[in-house]
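Chain by chain, the residues:
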Amino acid sequence: MKYLILSGGSWEDYEYKRLLELLPDREGVCFAGRMTNEQQTNNQIRAVAAADIYSLNMKQYTILVSSPYWLSEVLSLQAAYVVALLERCPEEEKKCLWDKYSGLLGAKADLVATRSERIYLEQSLRREGVLYLGGDQQESYGATFQGDRLYFLTDYEVLWRKAIVNLWQDSTISPADWVTIQLELRADYYISMCAKLPSQPVVHYLAASYLYLLGDSVANRYLAQSFELMVLYEYLDCLHSHFRFFSAIEGKTGDLETAVQQYTITAFTAEEKRDAERLRGWLHSGQYELVRAELFRLNEDEAAAVRILSSLTTSEAKMLLIQNYIRTFQWEKALELQQDLEGSVDGVIEGTIHLLHGRRHEAIRSFLNAAGQDNQAWPLLSEMADLEEAVKRLKRRVEG
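Reading guide: rules and limits
- Residues numbered from 1 in each chain as written.
- Predicted model: local features only at pLDDT ≥ 70, side-chain atom pairs only at ≥ 80, totals over all residues.
- Heavy atoms only, no water.
- Patch = residues over 30% accessible without salt bridge, like charges linked within 9 Å, V, L, I, M, F, W, Y side chains within 5 Å.
- Areas by Shrake-Rupley, 256 points an atom, 1.4 Å probe, with all protein chains shown as cover.
- Salt bridge = Lys/Arg side-chain N within 4 Å of Asp/Glu carboxyl O.
- Helix = DSSP H or I, 4+ residues; strand = E, 2+ residues; numbered from the N terminus.
- Buried < 20%, exposed > 50% of the residue type's maximum accessible area, 1.4 Å probe, protein only.
- Axes fitted to C-alpha atoms, helices over the stretch in contact; angles between N-to-C directions.
- Parallel < 35°, antiparallel > 145°, perpendicular 65-115°, else oblique.
- Left-handed = near helix turned anticlockwise from the far one by under 90°.
- Contact = heavy atoms within 4.5 Å.
- Nonpolar A, V, L, I, M, F, W, Y, C, P; charged D, E, K, R; others polar.
- Phe/Tyr/Trp six-rings, centres within 6.5 Å; stacked < 30°, edge-to-face > 60°.
- Polar contact = N/O pair within 3.5 Å; in protein donor to acceptor, adjacent residues only side chain to side chain.

### Focus: a nonpolar patch on the surface
On the surface, Phe 145, Leu 150 and Phe 152 cluster together into a nonpolar patch covering about 350 Å² of accessible area. Structurally, Phe 152 can be placed in strand E9 (residues 149–152). Here Phe 152 falls in the exposed class, since its relative accessible area comes to 54%.

### Notes on the packing of helix H9 (residues 219–232) against helix H10 (residues 238–253)
Packing of H9 against H10 leaves a shortest axis separation of 10 Å and a crossing angle of 165 degrees. With respect to each other, H9 and H10 are oriented roughly antiparallel. For the pair H9 and H10, the crossing hand works out as left-handed. Across the interface between the two elements, Ala 219, Asn 220, Leu 223, Ala 224, Ser 226, Phe 227, Met 230 and Val 231 of H9 pack against Cys 238, Leu 239, His 242, Phe 243, Phe 245, Phe 246, Ile 249 and Glu 250 of H10. Here the contact of H9 with H10 is composed, by residue class, of 12 nonpolar, three polar and one charged.

### A short note on the pattern of salt bridges
Under the counting rule described, the total for this entry stands at 25 salt bridges. For the salt bridge of Asp 99 with Lys 95, the shortest nitrogen-to-oxygen distance reads 2.5 Å. Of the two residues, Asp 99 and Lys 95 are both situated in helix H4 (residues 95–108); the distance of four residues between them amounts to about one turn of the helix. In this structure, the salt-bridge partner of Arg 280 is Glu 277, at a minimum N-O distance of 2.6 Å. Taken together, the positions of Arg 280 and Glu 277, both in helix H12 (residues 270–284) and three residues apart, correspond to about one turn of that helix. One salt-bridge network, in which partners are shared between bridges, spans Asp 275, Arg 278, Glu 294 and Arg 297.

### Some points on the packing of aromatic side chains
Per the stated rule, a full pass over the model turns up 16 aromatic pairs. With centroids separated by 5.5 Å and ring planes inclined at 65 degrees, the aromatic side chains of Tyr 14 and Tyr 16 adopt a geometry described as edge-to-face. Assigned by exposure class, Tyr 14 and Tyr 16 land together as buried. Relative to Phe 31, the ring of Tyr 14 has its centre 6.0 Å away and its plane inclined at 75 degrees; by these criteria the two rings are edge-to-face.

### Thoughts on the environment of Thr 328
Residue placement: Thr 328 occurs in the loop between helix H15 (315–327) and helix H16 (331–342). According to the relative accessible area criterion, Thr 328 is buried, its value standing at 4%. For the pair Thr 328 and Asn 42, spaced 286 residues apart in sequence, the C-alpha separation works out to 40 Å. If near-sequence neighbours (up to four positions away) are discounted, Thr 328 is found in contact with Ala 107, Arg 126 and Glu 302. Polar side-chain contacts of Thr 328 include one of 2.9 Å to the side chain of Gln 330.

### Let's talk about unusual backbone geometry
The residue Gln 78 is not glycine, and still its phi comes out positive at about 55 degrees. Along the chain, the position of Gln 78 falls in the loop between helix H3 (71–77) and strand E5 (81–86). Under the relative-accessibility criterion, Gln 78 is labelled exposed at 51%. Despite not being glycine, Glu 234 shows a phi value in the positive range, around 65 degrees.

Right under this line is the structure:
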């Protein structure tokens, strides 16, 4: 296997060096940026100038990218596979811009990996194939030789290797298998922590979250414990953050009527009340898949909603699918479906896609059309300038 590394900075600052050492079947690794001859020799990595990456035969490469500001290059290179190493927003970057383009990068990747458990859970609710690059197990989960060196592996390092191999070849382990293995490890960890820290609502909530992702109805019990503790500690916002979660669990493992009732209890705003009324209408008319999909969306589990809605053919289901595509940053799919249903597309989304594909003039035209007569184009054009400046800063850091 061949790999191209698109980092967020210099080689000295690159924080995934051990993962590079553990890459399976390394035929060649290229790093886009500056490295000394000694660094290249010691790490068996070849430095390539950022301007020269297009000279590589990318059909033979997997890209490992750890900054969302490489996204235009990722789209134009058309590598065999893309692994997105998603990170929290650095202090020097604008969070709204970083999060937006991280979301778009994650949606285009074949595999998402992250050291942030928060990002791991968020991504697991948006898509399949997400790996958490962390763990709490102290014992080794195996060993491997890379060249003449022996490495003892953690649980997530074993899964990292399985996930990478699974991209390239038919394997006895499917993506769902390694995803499930890690979810089970995280669930077991937090269940054990619940026994050690019985008065901590966050621990119980995380146990419930992992059990929910596994489709285990026991999640209800841990969520109930978390909710009771939140009420005991007088956290007044826990109806939205905790009680509403019951409706998603029931939607996945239990009674839809109970799920709708649970959501209705948490509906305070006019929009939420309209959502609750719509859920009741679908329930009474027997449109159970719409009910289930919308309950998942309202609980931010868009991945589950997309799985359901993708198989439905009604215009109502397709409109809901567009919303979920937008929320999960699958914007090209959203535009295609919008065009089919409505004959027009969202100008802001269209402009962003143009920009990422290097079509700057088309992007500006789409942003101006989206702004209409209200002179609201400036924020969109300002964001475009912010992105271009962020890309320039990235290239300066990489080239040293």
